[in-house]
Amino acid sequence: MQRTSLYIDGKFGAPENRNYFPAVNPATEEPFAEVAAGQAPDIDRAVRAARRAFDSGDWSGLDGRQRADMLRRVAQGIRTRQKEIALLETRDNGKPIPEAEWDVGDAAFCFDYYADLAEEQAGRSPEEVDVGDPRFQARILREPLGVVGAITPWNFPLLMAVWKAAPALAAGCTIVLKPSELCSLSCHLLAEVIDAAGVPPGVFNLITGTGPEAGQALADHPLVDKMAFTGSVTTGRKVMQAASAGIRTVSLELGGKSPFVIFEDCDIDKAVEWILFGIFWNKGEVCSATSRVLVQRGIFERLLDRLRSATEAIEIGSGEAPGVKLGPLVSKGQYDKVLGTIETGKLTAARLVTGGGRPANLDRGYFLNPTIFADVPTDSEIWREEIFGPVLCINAFDTEQQALDLANDSKYGLAAAVMSDDLERCERVAAKLRAGIIWVNCSQPTFTQVPWGGYKMSGIGRELGRAGFDAYFETKQVTRFDHNECWGWYLDAQE
Ligand code: NAD
């Protein structure tokens, strides 16, 4: 069975304690690899390597064009190994192979995109600022922030790591990555690609391991300058608490319960297609999943009927099988959690439209039928809490204002979507939705060039786009006194 290593200071090696845990294929429930269980001493070695690499200037001091060359080699390395990485991602996570290939393609693009920004930044001169006093000259410099600790989840294991690693490395930072213990393998391949691209030792380090043992040690480490975290609110809070002890910058990409508002003037097939993609893509294990759908009453029952039949036609099975659109949930723990929440939903006044349990023909693997609840009480757990599985709640509304009130009534604010043939109405609603990502007449398409992140409890900061690059810089002012006279506060000004 394949055994993974840690990657510290440019070398692959075993964790100090020589412990490993199994990677389990969620479609078969069989272990298929052994993952290195890094702990605090490994994290410490990795952070010290990243610190040395940063402080030496061997990476941060390079011209952005040189870093860009290296990052483009990483992008090319990912593309060359796309099929291999995607297959491993599917075995580890359960997602259908075409979705995994999509992720890998996006990961390569992300490195190319931030390579372009690194190059552009290198060609820019520092901003000169008129401070209103001719005796002074002020300049604003941007400098790489330092050592980044990155902790990532299991739903897009490679991509969530790359959303941090690519801009951080492009900016000149060094990084220690701790992926989720549930899906670590594609990040191991990423380390191989980065190593082969010739990125200097210590610039990128990978520690696999559990959250409490490796993640917490990274969040607590005093030599880390910034923590970049994607995951649940509960863990995000712990990372933020640790950052407060060390007064470190933190970015948090957390959960959501995103609404999708559908007006009765739109085409029902188009709406159904985007509703399905919005909640069942990646098995519903998507932070921005539009899991609360609001449909204007005039088309509610017709749309629901069409949605039910299309949902029941979704092919469920191993992500490796051709034609499958819904793979198994990532783990036994996640399967039990989602099934448990479905059971609580059945106890409410909500109507179970379809799904609600295991497909009859699949007795192994963490498979669930895509599930729809309608007429859901808005104070119920299934309406308010993130389920993170293929479970949709759908309710009717009458007026635009009522739709907005229902949509915004959430502690989360990651994403929201609106659909109508009336584009003016779409823009009006988009402006009033309290979320960081708004989709109009679609749900979920995500582009590297535009910022990603949430309002309210969905997080702090933005990834992707220029904002995702800026997040890895410090701002420095250099103010120079450029005058022959003495300043003249304590001593007299002289000619
Ligand atoms: P999680 O919080 O359980 O784990 C995330 C990471 O934190 C893992 O690497 C885990 O090992 C680590 N961790 C756990 N305990 C820790 C601790 N005490 N200290 C430091 N690290 C610790 O989340 P998950 O179940 O892996 O991911 C699902 C969550 O991620 C969902 O809530 C989802 O919405 C969110 N998510 C958000 C985005 C976004 O962009 N906003 C993207 C993907 C996932």
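Here the structure is a predicted model, which means the values were calculated and not measured.

**Q** In this structure, what is going on with the overall build of the protein? I would like to understand it.
**A** Scanning the protein for helices and strands turns up 15 helices and 23 strands. Along the longest, intermediate and shortest principal axes, the C-alpha atoms of the protein span 85 × 55 × 40 Å. When the accessible surface of the protein is split by element, carbon and sulfur atoms take 51% of a total near 20,300 Å². Counting 52 positive and 68 negative side-chain charges, the protein places the centres of these two groups 2 Å from one another.

**Q** It is not clear to me how the pairing of strand S7 (residues 136-144) should be interpreted in this structure. Could you clarify?
**A** Within a regular strand, the side chains alternate between the two sheet faces. In this structure, strand S6 (residues 127-129) lies alongside S7, joined through three bridges in antiparallel fashion. Bridging across to S7, Glu128 finds its partner in Arg139. The turn linking S6 back onto S7 is made up of six residues, and Gly132 within it adopts a positive phi angle of 85°. Relative to strand S23 (residues 473-481), S7 runs antiparallel, the two sharing nine bridges. Within the sheet, the bridge partner assigned to Arg142 lies in S23 and is Thr475.

**Q** Mind showing me how you'd approach the site of the ligand here?
**A** The immediate surroundings of the ligand are formed by 27 residues, with Lys178, Glu181, Ser232, Thr235 and Glu386 found nearest. Within the side chain of Gln216, an N or O atom sits 2.8 Å from a nitrogen atom of the ligand. A distance of 2.6 Å separates an oxygen atom of the ligand from a polar atom in the side chain of Ser232. About the coverage of the ligand: the protein hides 90% of its 850 Å² of free accessible area. Breaking the shell around the ligand down by element, the ones donating at least two residues are helix H7 (211-220), strand S11 (226-230) and helix H8 (233-246). Broken down by element, the residue count for the shell around the ligand peaks at three residues, all from H7.

**Q** What is the right way to read the side chain of Gln444 from this model?
**A** Relative to the helices and strands, Gln444 resides in the loop between strand S20 (437-440) and strand S21 (455-456). A polar contact is formed between the side chain of Gln444 and the side chain of Ser443, at a distance of 3.1 Å. Here Gln444 is in contact with Phe277, Gly278, Trp281, Val286, Ser288, Ala289, Thr290 and Trp439, once residues within four sequence places are set aside.

**Q** In this structure, what is going on with the environment of Gly57? I would like to understand it.
**A** Checked against the element boundaries, Gly57 lands in the loop between helix H1 (40-56) and helix H2 (64-80). Of the residues examined, Gly57 reaches a relative accessible area of 24% and is grouped as partly exposed. Residues Gly57 and Val330 lie 273 residues apart in sequence; the distance between their C-alpha atoms is 40 Å.

Basis of the calculations
- Residues numbered from 1 in each chain as written.
- Predicted model: local features only at pLDDT ≥ 70, side-chain atom pairs only at ≥ 80, totals over all residues.
- Heavy atoms only, no water.
- Helix = DSSP H or I, 4+ residues; strand = E, 2+ residues; numbered from the N terminus.
- Areas by Shrake-Rupley, 256 points an atom, 1.4 Å probe, with all protein chains shown as cover.
- Lys, Arg positive; Asp, Glu negative; His and termini not counted.
- Charge placed at Lys NZ, Arg CZ, Asp CG, Glu CD.
- Pairing = 2+ DSSP bridges.
- Near = heavy atom within 4 Å.
- Polar contact = N/O pair within 3.5 Å; in protein donor to acceptor, adjacent residues only side chain to side chain.
- Contact = heavy atoms within 4.5 Å.
- Buried < 20%, exposed > 50% of the residue type's maximum accessible area, 1.4 Å probe, protein only.

Function-wise, these values are silent; they only describe arrangement.
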